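Letter by letter, the chains look like this.
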Protein chains: 2
Amino acid sequence: MNSIYNRCSVRKFKQKSLEKSEISQILKAAFCAPSARNAQPWYFIVTEDKEKLKELSDFSPYAKLLADATLGIVVCADTDCNPSLDYCQQDCAAATQNMLIEAKELNIGSCWLGGYPNEDRVQMLKTYFKLPENIVPLWMVAFGYPDQEEEPKDKYKESKVRYE
Amino acid sequence: MNSIYNRCSVRKFKQKSLEKSEISQILKAAFCAPSARNAQPWYFIVTEDKEKLKELSDFSPYAKLLADATLGIVVCADTDCNPSLDYCQQDCAAATQNMLIEAKELNIGSCWLGGYPNEDRVQMLKTYFKLPENIVPLWMVAFGYPDQEEEPKDKYKESKVRYE
């Protein structure tokens, strides 16, 4: 599918707000992911506030581009739903990938910004949003209309597939 | 996108082999996922061998349906690419979700079968395929043409979204 094959990380965004319906479609896509024992161990913090996006761009040395984004989503694990942070990571990553693809489908660019297991990054987000014990911020995603050429690379490597 | 919203786990499959081009498209989709530092820490073991699928259906108490599938893919971490099994899980889960969606796009059903961090399941797969130290089997996915009604549920929950 084109949106899977042509997606790539976008790091420069137009300064134009996304439509509410687009944000809603991206979020709805996240919830369509499968999860271990259907625990749905995810929680999403959504902000379009430019001041907050600027502050959040400090959560990691690789998150500067958040200041330029028009939407930021913090993907969190909810350990009340599944106490295993391994399964939470797997399920939340599937949900995140759905968001990236749905965004691409809507011609919206995105960039996944790594967090967990880096303690500093997790702690910064936990403190910033005053999160309860069971909500563990795993990573963020920056979104916005792309203001750059998108050049998806062909990363397929036959050496990484073994036929049995 | 329809393939994101309408996908659900499929557990009954027709006994008809997938086309080679379909298997190739599913695998290619996996490689399109993003990964931390673009490490691409994944490795895929692919089998259509019904005898092997039957044997592999013992890798977990929830994997019986593999015996009925016509394609099984073991998704592995390659810790030579990224030594962190946390990042490997995140990246491999994104790659897996791409496969599930691409399969749906091709009207192929799929079911993600949990493995890591369950030591028994990981060990069974490691032993079965005589995997080297750096290749850690994380989970499997069963594929095949669906032989059941697909009834995706609406799992969206407003209580799991916080606006800031």
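Note that the structure is a prediction, hence the values are computed from the model and not measured. (Residues numbered from 1 in each chain as written. Chains lettered and ligands numbered in written order. Predicted model: local features only at pLDDT ≥ 70, side-chain atom pairs only at ≥ 80, totals over all residues. Heavy atoms only, no water.)

Remarks on the relation of the copies chain B and chain A
Two chain copies here: they are related by a rotation about an axis and a translation along the same axis. Formally: Only residues with pLDDT of at least 70 in both copies contribute their C-alpha atoms to the least-squares superposition of the copies. Contacts: residue pairs with any heavy atoms within 4.5 Å of one another.
Rotating chain B by 180 degrees and moving it 0.0 Å along the rotation axis overlays it on chain A with an RMSD of 0.0 Å. Look at the turn and shift together and you get a two-fold axis relating the two. Interface overlap between copies is the fraction of interface residues in one copy that are interface residues in the other; for chain B against chain A it reaches 98%, indicating a shared surface.

Structural notes on the pairing of strand β4 (residues 135-144) of chain B
All names here are of chain B. Using the following cut-off: The buried label goes to any residue with under 20% of its type's maximum accessible area, the exposed label to any with over 50%, and the partly exposed label to all in between, with areas taken from a 1.4 Å probe on protein chains only. In DSSP terms, a helix is any run of H or I states spanning at least four residues, a strand is any run of E spanning at least two, and both are numbered starting from the N terminus. Should DSSP find at least two bridges between two strands, the strands are taken to pair.
Within β4, 10 of the 10 residues are buried, which leaves the element mostly enclosed by the surrounding structure. Relative to β4, strand β2 (residues 71-78) runs antiparallel, the two sharing 8 bridges. Looking at β4, one finds that Cys76 is bridged to Pro137. Where strand β3 (residues 109-113) lies against β4, 5 bridges are found, and the strand directions are antiparallel. When the sheet's bridge partners are listed, Cys111 is paired in β4 with Ala142.

Description of the sheet that holds β3 of chain B
Where we set the bar: Where helices are involved, their axes are fitted lines through C-alpha atoms of the stretch in contact, as for all axes, and angles between N-to-C directions lie from 0 to 180°.
On the basis of which strands lie adjacent, the open sheet formed by 5 strands has the order β5(A)-β1(B)-β2(B)-β4(B)-β3(B) and mixed pairing. Bordering the open sheet on either side are β5 (161-163) of chain A together with β3 of chain B, each of which pairs with just one other strand. With strand direction ignored, the average angle separating the axes of adjacent strands in the sheet is 25 degrees. In this structure, strand β1 (residues 42-47) of chain B lies alongside β2 of chain B, joined through 6 bridges in antiparallel fashion. From the neighbouring strand, Thr47 of chain B faces β2 of chain B, where its bridge partner is Gly72 of chain B. Against the sheet, helix α2 (residues 20-31) of chain B engages β5 of chain A together with β1, β2 and β4 of chain B, with an angle of about 165 degrees to β1 of chain B.

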